[in-house]
Amino acid sequence: MACLLEAPLRISVLSEVTATSRHYVDRLFDPDPQKVLQGVIDMKNAVIGNNKQKANLIVLGAVPRLLYLLQQGSSSSELRAECAVVLGSLAMGTENNIKSLVDCHIIPALLQGLLCSDLIFIEACLRCLRTVFISPVTPVQLLYTDPTVIPHLMSLLSRSQRTQEYITQIFSHCCKTPEHQTVLFNHGAIQNIAPMLISPSYKVRMQALKCFSVLAYENTQVSMTLVNVLVDEELLSQVFVRMMQRDQPIDMQLTAAKCLTYMCRAGAIRTDDSCIVLKTLPCLVRMCSKERLLEERVEGAETLAYLMEPDVELQRIASVTDHLVAMLADYFKYPSSVSAITDIKRLDHDLKHAHELRQAAFKLYASLGSNDEDIRKKITETENMMDRIVSGLSESSVKVRLAAVRCLHSLSRSVQQLRTSFHDHAVWKPLMKLLQNAPDEVLVMASSTLCNLLLEFSPSKEPILESGVIELLCSLTQSDSPALRVNGIWALMNMAFQADQKVKGEIVRALGTEQLFRLLSDPDSNVLMKTLGLLRNLLSTRPHIDQVMSSHGKQIMQAVTLILEGEHSIEVKEQTLCILANIADGNTAKELIMTNDDILQKIKYYMAHSNVKLQLAATFCISNLIWNEEDGEANAMTGSQERQDKLRELGFVDILHKLTQASDPNLCDRAKTAMQQYLA
């Protein structure tokens, strides 16, 4: 019964709201311009802070009418400005509001409005554009569609502090790609925005600073230009250093630190420059402290991780600054226990940032521990750290999982950690689970980590092998992603190193001959190198060499020939010659070389090559072919004698004799050792 009464009530309330909203829209069509102006002003007052009213007015068609009035030359400057203000207010509602405004072509209309000479109207248009463009649902490309827009916005920067604030904020939010950076750079963004860093307005200084941070990010051209810019006879880097001082607002300190970080990573400032070591790094470490807001701690940690990622010295300095390693452990303590929080808003805030905090901490730990053994030890000894990483691998947030596995990968570079912490916490189990079903970016990092866990000295290697990992790795080698193909084959290569024949047989069976040879013609040189590495590991120890070559010899020799004939790097050809040297060490396998005159001529060619590495590898092949077996069997001795005679006829002895005079000591020794076989 209650339901029957409730429906008409809803309808009447809705009718009332719609009728009120309809009244505002109807007034926009009044023939009296003064009444239209008053109607727009009343609408402005009605929508402030009222999302329901905003949504109603949009549904009732207020936006096209407001845009029409805004674009009419006959409309007064005041009316046009008020229309822009109302549109800006509507844009401050929900994301659906923004979508509706963009669909009504608000952006071209407002950009057109900027051609007007009236400053108040220009500022109103810019304020509205700023609100629309900072929304994540607005396609930023709309700013770059018309090539005259960016230069016109640059020309408006000098009009007022408001135009400076709004335009730089628009640039910051719409600079998303290297192409966008180039467009802004080419239209004089640096020269036009640099003077704003000493503006009397804090808002202008802040937006200019943010603009420089997005322009400099991973951009060498911009960063190299910024480093030479003078602002009021002071280098820009020094202006940024002043902005990082403790007496400046936190937002300013943090953004200035980002600017210097990005300039440093782009190669414009040295990592050992005092402005990085003594100013930027300590500033970012400060941002990680408990005193800072959660958002600031996230941004500080992520920026610091990025700053020191490639530099071991910065990692060492950071690890002993303000107890950073221990400080980061606090990032995992959010949200606080519910009983301790009486404020629901605070709990909601903590929950919202908990994932971001864990992600940032994992990223920073990964960066800190990427090179130094002592730092890795310090990280793993931090309270419950390994348990936290293991938990992170199964978090609901993909970003946290990625950061956790990145941290694990960083620590897995340590022999000591592989033998201790990784083994004690059976890290391989959650890692294997993660590999079953994850996005590609997580798979790449997880499979890289697995490669390290499969190294011969890792205690995790055996249990991983028993878990049926071979099939999984073989499936990775068929991925469209070169990084996943590399990791799949790399892990198999590590697995095959000094493995028994059973494991090697399983690898060859699971991978399949066809896939193995497909990988040997992979366009990615890293995939090719690792496949050659796998083949080299499969072809180690004589019984294994003979067994593999008896079943796959023809195809392997064919692949080797193609690689030695092809346009490949020195490293690839060296690895291929090393495989031939392994085959030459087999008891029966070596006959596949001795009966193949084409291969013998190629070995001869590489013995006389200009590259010492290739000469050495080719000489190693010949050394193995002519080796006198020590088992004393008559047929074995006869076999080596026959091989020596054939190779002498083909001119190999003459080449070896020349190589005994080689300037490279290793090559000289290898040639002398081979020559001694002829004298034995």
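Residues numbered from 1 in each chain as written. Predicted model: local features only at pLDDT ≥ 70, side-chain atom pairs only at ≥ 80, totals over all residues. Heavy atoms only, no water.

**Student:** So what exactly am I meant to see when it comes to helix α5 (residues 77-91) here?
**Tutor:** A turn of α-helix holds 3.6 residues, and therefore any two residues three or four places apart point the same way. Taking 1.5 Å per residue as the helical rise, α5 with its 15 residues ought to reach 21 Å, and the 21 Å between its terminal C-alpha atoms agrees with that figure. Counting buried positions along α5 gives 12 out of 15 residues, so the element sits mostly inside the fold. Listed in full, the buried residues belonging to α5 are L79, R80, A81, E82, C83, A84, V86, L87, G88, S89, L90 and A91. Buried positions along α5 lie against α2 (33-47), α3 (51-59), α4 (62-71), α6 (95-103), α7 (106-113) and α8 (119-133). (Helix = DSSP H or I, 4+ residues; strand = E, 2+ residues; numbered from the N terminus. Expected span 1.5 Å × (residues − 1). Buried < 20%, exposed > 50% of the residue type's maximum accessible area, 1.4 Å probe, protein only. Contact = heavy atoms within 4.5 Å.)

**Student:** So what exactly am I meant to see when it comes to the pattern of salt bridges here?
**Tutor:** For side chains bearing opposite charge, pairing can occur when the charged atoms are close. Counted by the stated rule, this structure contains 27 salt bridges. Salt-bridge contacts for D42 lead to R27; the nearest nitrogen and oxygen are separated by 2.7 Å. Taken together, the residues D42 in helix α2 and R27 in helix α1 (residues 2-27) connect sequence positions 15 residues apart. Taking relative accessible area as the criterion, D42 reaches 23% and is therefore assigned partly exposed. Residue classification places R27 among the partly exposed residues on the basis of a relative accessible area of 21%. The closest approach of N and O atoms between R265 and E309, which form a salt bridge, is 3.3 Å. You can see R265 sitting in helix α16 (residues 250-265) and its partner E309 sitting in the loop between α18 (294-308) and α19 (312-319), a full 44 residues away along the chain. Linked through salt bridges whose partners overlap, the residues forming this network are K290, R297 and D330. (Salt bridge = Lys/Arg side-chain N within 4 Å of Asp/Glu carboxyl O.)

**Student:** Mind showing me how you'd approach the layout of surface pockets here?
**Tutor:** Leftover empty space is mapped by rolling, across the atoms, a probe with the size of a water molecule. Taken as a whole, the largest pocket spans an internal volume of roughly 1600 Å³. At the level of secondary structure, the elements contributing two or more residues to the lining of the largest pocket comprise α10 (161-174), α11 (178-186), α13 (202-216), α16, α18, α21 (344-368), α24 (398-411) and α28 (440-453). In terms of residues, the lining of the largest pocket owes the most to one element, α18, which gives seven residues. Considered class by class, the residues forming the lining of the largest pocket number 13 nonpolar, 16 polar and 15 charged. What the second largest pocket holds in volume is close to 240 Å³. In this structure, the second largest pocket is lined by 13 residues; those nearest its centre are P108, L111, Q112, D146 and V149. Mapped onto the lining of the second largest pocket, the elements with two or more residues apiece are α7 and α9 (149-156). Sorting elements by how many residues they give to the lining of the second largest pocket places α7 first, with four residues. Counted by class, the lining of the second largest pocket contains eight nonpolar, four polar and one charged residues. (1 Å grid on protein atoms, 1.4 Å probe; cavity = no way out; pocket = protein on both sides within 12 Å on 5 of 7 lines; lining within 4 Å. Points joined across faces, edges and corners; volume = space filled by probe spheres on them. Nonpolar A, V, L, I, M, F, W, Y, C, P; charged D, E, K, R; others polar.)

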